[in-house]
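# Architecture at a glance
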Amino acid sequence: MRTTVGIIGGGPAGLLLARLLHQAGIACVVLESRTRAYVEQRQRAGMLEQGTVDALRACGAAERLEIEGLVHHGIELRFDRERHHLDFPVLTGGRTVTIYAQTELVKDLVALQLADGPPLLFEAQALAIERPESESPRVRFVHEGQEQTLTCDYVVGCDGFHGIARGTFPAEVSRTFEHDYPYSWLGILADVAPSCEELIYARGDGGFALHSMRSPSVSRLYLQVPSDTDPGDWPDDRIWDELSARFAIDADWTLERGPITSKAVTTMRSYVHEPMRHGQLFLAGDAAHIVPPTGAKGLNLAVSDVRVLARGFVQLHLTGSTQLLDRYGELCLGRVWQATRFSYDMTRMLHQQPDGDAFEDRLQLTRLRRITSSRPAAAELAANYTGLPLAL
Ligand code: RFL
Ligand code: PHB
């Protein structure tokens, strides 16, 4: 098999890149190790920045998102039994965010690609990327029990944090930056109407809690838990009791309960790999960097990486110039580091440290008080949350 751009991974990054390249007439192939059902059911992100929505709309992938996506004009911060609303359009000059599940976004992109897009092979596991420094790198992969080779002009690793592409970079060119947080999130889906109109980020007495949603009848909630937590130790009543305690405020407000349909624990880590390119091999999305979900940035960064990369491939295709492709890492990493900093700050401001440091507690409350009492401080949070501009 031969193609121009070989894409490893059929998550949001790989699927959107394939769509953007296909629309520009650039040949590509997507190799995805899992089944279609698996990638369409994997519960993850839910909050899309306006720039992400605009990019999906521009490539014709937002038809269902326009109807089912929930446009949000702000978030609520809760601490010290008080609630504080941040109004994004007022603070940012009109920006909003949209709640639309990653599962739905992936379903939309898969359907478009299977209908008229470039080849998308499920259960096609990339084993190795050979000769990434050469003019024709190759991806060795297994599909339907057979080992095959995909020869390309370029390879893009969109294979997530546990993929193989990043490991292909020679040790002497790789630099990694990481931070592990000493807690995890227990995430649930529940068949109950959300108890709020906007997302609630709460710094409760027992730790952090987040109230998000998937639709007018499905709630998505998260709870800070110790790192080694087994979801089996959290029967439904315990989860609801703990969530109710962490969201508690002095005003009249009740967290509605309903049947829990999914429970999973997520570890919290920041990680950045530099550079994002080696020879003809590029990294995009979680393959290159991950952030803790508190800032809701992971999926949005994956989308901004592939928007920059697609522009580079289109420029090469139309003019023969590699100028943008050569600046890929530089164009992405500024935004990646801003999102890394923002996600770190949000995480540190809202989670309880396991060792219960009283000084840290006071600093957290002082940061929250600043944001809820100073317009520039609130505007800074809102600008980062709704998404910083793309460096293009
Ligand atoms: P993905 O989604 O991990 O996709 C990578 C794909 O590559 C495949 N793969 C391979 N295929 C072929 N050969 C191989 N050798 C392969 N190895 C791996 C995998 O099967 C997979 O299909 O990475 P991508 O595309 O970069 O997308 C990144 C996002 O998925 C991720 O950043 C977000 O989900 C993070 N995230 C959030 N991001 C947001 O922007 N907003 C949010 O609200 C948000 N909430 C979250 C989140 C992540 C969470 N978890 C579970 C980590 C909430 C949670 C709980
Ligand atoms: C989600 O809806 O899953 C979600 C929303 C906001 C976050 C993290 C996750 O910060």
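Residues numbered from 1 in each chain as written. Chains lettered and ligands numbered in written order. Predicted model: local features only at pLDDT ≥ 70, side-chain atom pairs only at ≥ 80, totals over all residues. Heavy atoms only, no water.

## Regarding the pattern of salt bridges
Note the threshold: Each reported salt bridge corresponds to a side-chain nitrogen of Lys or Arg within 4 Å of a carboxyl oxygen of Asp or Glu. Elements are defined by DSSP. Helices are runs of H or I of four residues or more, strands are runs of E of two residues or more, and each kind is numbered from the N terminus. Burial classes follow relative accessibility: with a 1.4 Å probe on protein chains only, a residue under 20% of its type's maximum area counts as buried, one over 50% as exposed, and anything between as partly exposed.
Taken as a whole, this structure holds 29 salt bridges when the rule is applied. As a salt-bridge pair, Asp 80 and Arg 369 come within 3.3 Å of each other at their nearest N and O atoms. Within this pair, whereas Asp 80 is found in the loop between strand 5 (74–79) and strand 6 (82–87), its partner Arg 369 is found in helix 11 (residues 358–373), the two being separated by 289 residues in sequence. Taking the relative accessible area as the measure of exposure, Arg 369 reaches 33% and is therefore partly exposed. One salt bridge connects Arg 327 with Glu 330, and the closest N-O pair in it is separated by 3.2 Å. What makes Arg 327 partly exposed here is its relative accessible area of 32%.

## Focus: the site of ligand 1
Let me state the cut-off plainly: Nearness is defined per residue: one heavy atom within 4 Å of the molecule or strand is enough. N or O atoms closer than or at 3.5 Å make up a polar contact, with two conditions inside protein: a donor-capable atom paired with an acceptor-capable one, and, for residues adjacent in sequence, both atoms drawn from side chains. Surface exposure here means Shrake-Rupley accessible area, sampled with a 1.4 Å probe, where a residue is shielded only by the protein chains that are shown. Charged residues are taken to be Asp, Glu, Lys and Arg, nonpolar residues to be Ala, Val, Leu, Ile, Met, Phe, Trp, Tyr, Cys and Pro, and polar residues to be all remaining types, Gly included.
In the vicinity of ligand 1 there are 35 residues, among which Glu 32, Arg 42, Gln 102, Asp 286 and Leu 299 approach most closely. Side-chain polar atom of Arg 42 to an oxygen atom of ligand 1: 2.7 Å apart, as the coordinates give it. Interatomic distance of 3.1 Å between a backbone N/O atom of Ala 296 and an oxygen atom of ligand 1. Considering ligand 1 on its own, with 1,000 Å² of exposed area, one finds that the protein chains cover 89% of that surface. For the shell around ligand 1, the secondary structure elements donating two or more residues are helix 1 (12–23), strand 9 (124–130) and helix 8 (298–319). With four residues, helix 8 is the largest single contributor of residues to the shell around ligand 1. Counted by class, the shell around ligand 1 contains 15 nonpolar, 13 polar and seven charged residues.

## Some remarks on the site of ligand 2
Looking at ligand 2, there are 13 residues lining it, with Tyr 201, Ser 212, Arg 214, Tyr 222 and Pro 293 nearest. Within the contact set of ligand 2, an oxygen atom lies 2.6 Å away from a side-chain nitrogen or oxygen of Tyr 222. Surface burial for ligand 2 is 97%, taken as the share of its 280 Å² of free accessible area covered by protein chains. Residue assignment for the shell around ligand 2 shows that the elements contributing at least two residues are strand 14 (199–204), strand 15 (207–215) and strand 16 (218–225). If you tally residues by element for the shell around ligand 2, the top one is strand 15, at three residues. Looking at the shell around ligand 2, its residues break down into seven nonpolar, three polar and three charged.

## Regarding the nonpolar core
Put simply, the rule reads: Only buried residues count toward a nonpolar core, which is a set of Ala, Val, Leu, Ile, Met, Phe, Trp, Tyr and Cys residues joined through side-chain atoms within 4.5 Å. Here a residue-residue contact requires only that any non-hydrogen atoms of the pair lie within 4.5 Å.
One finds Ile 7, Leu 17, Leu 21, Val 156 and Phe 313 to be the most contacted residues of the largest nonpolar core, which totals 71 residues. Looking at this core element by element, the count peaks at nine residues for helix 8. What Phe 313 contacts, discounting residues up to four positions off in sequence, is Val 5, Leu 21, Ile 26, Tyr 154, Val 156, Phe 282 and Leu 325. Counting 53 residues, the second largest nonpolar core, distinct from the first, contains Ile 75, Ile 188, Leu 223 and Ile 249.

## Things to note about the pairing of strand 12 (residues 154–157)
Filter applied, for reference: At least two bridges found by DSSP between two strands is the condition for calling them paired.
Alternating positions in strand 12 separate into two faces, Tyr 154 and Val 156 on one and Val 155 and Gly 157 on the other, with burial throughout. Here four bridges tie strand 1 (residues 5–8) to strand 12, and the two strands are oriented parallel to one another. Looking at strand 12, one finds that Gly 6 is bridged to Val 155. Bridging between strand 12 and strand 19 (residues 281–283) involves three bridges; their strand directions are parallel. Bridge pairing in strand 19 links Gly 157 to Leu 283.

## Examining the sheet that holds strand 11 (residues 146–151)
Operational definition: In this description, a line fitted to the C-alpha atoms serves as the axis of each element, helices being fitted only across the stretch in contact, and the angle between N-to-C directions of two axes falls anywhere from 0 to 180 degrees.
Ordered by their spatial adjacency, three strands build an open sheet running 9-10-11, and the pairing between neighbours is antiparallel. Edge positions in the open sheet fall to strand 9 and strand 11, since each of these has one partner strand only. Averaged over neighbouring strand pairs, the angle between their axes works out to 25° when direction is ignored. One ladder, built from six bridges, connects strand 10 (residues 138–143) with strand 11; its direction is antiparallel. Its bridge partner lying in strand 11, Val 142 is registered against Glu 147.

## Some details on the packing of helix 10 (residues 328–350) against helix 11
Two elements in contact, helix 10 and helix 11, have axes whose closest approach is 8 Å; the angle formed by their N-to-C orientations is 115°. Contacts between helix 10 and helix 11 involve Arg 348, Met 349 and Leu 350 from the first element and Glu 360, Gln 364, Arg 367, Leu 368 and Ile 371 from the second. The residue makeup of the contact of helix 10 with helix 11, split by class, is four nonpolar, one polar and three charged.

## Description of helix 6 (residues 102–116)
Put simply, the rule is: Expected helix span is taken as 1.5 Å per residue step, with the number of steps being one fewer than the number of residues.
Look at helix 6: 21 Å from first C-alpha to last across 15 residues, which is about the 21 Å you get at 1.5 Å a residue. For helix 6, the full list of buried residues reads Gln 102, Thr 103, Glu 104, Leu 105, Val 106, Asp 108, Leu 109, Val 110 and Gln 113.

## A look at the packing of helix 8 against helix 10
Operational definition: Reported orientations rely on four angle classes, namely roughly parallel under 35 degrees, roughly antiparallel over 145, roughly perpendicular from 65 to 115, and oblique for the rest. When the near helix sits turned anticlockwise from the far one by under a right angle, the crossing is termed left-handed; a clockwise turn instead gives a right-handed crossing.
Running from N to C, helix 8 and helix 10 point in directions that differ by 165°, and their axes come no closer than 10 Å. Comparing the axis directions of helix 8 and helix 10 gives the class roughly antiparallel. The element helix 8 and its partner helix 10 pack so that their crossing is right-handed. Of the residues in helix 10, those touching helix 8 at Asn 300, Leu 301, Ser 304, Asp 305, Val 308 and Leu 309 are Tyr 328, Leu 331, Cys 332, Arg 335, Val 336 and Ala 339. A breakdown of the residues in the contact of helix 8 with helix 10 according to their chemical character gives eight nonpolar, two polar and two charged.

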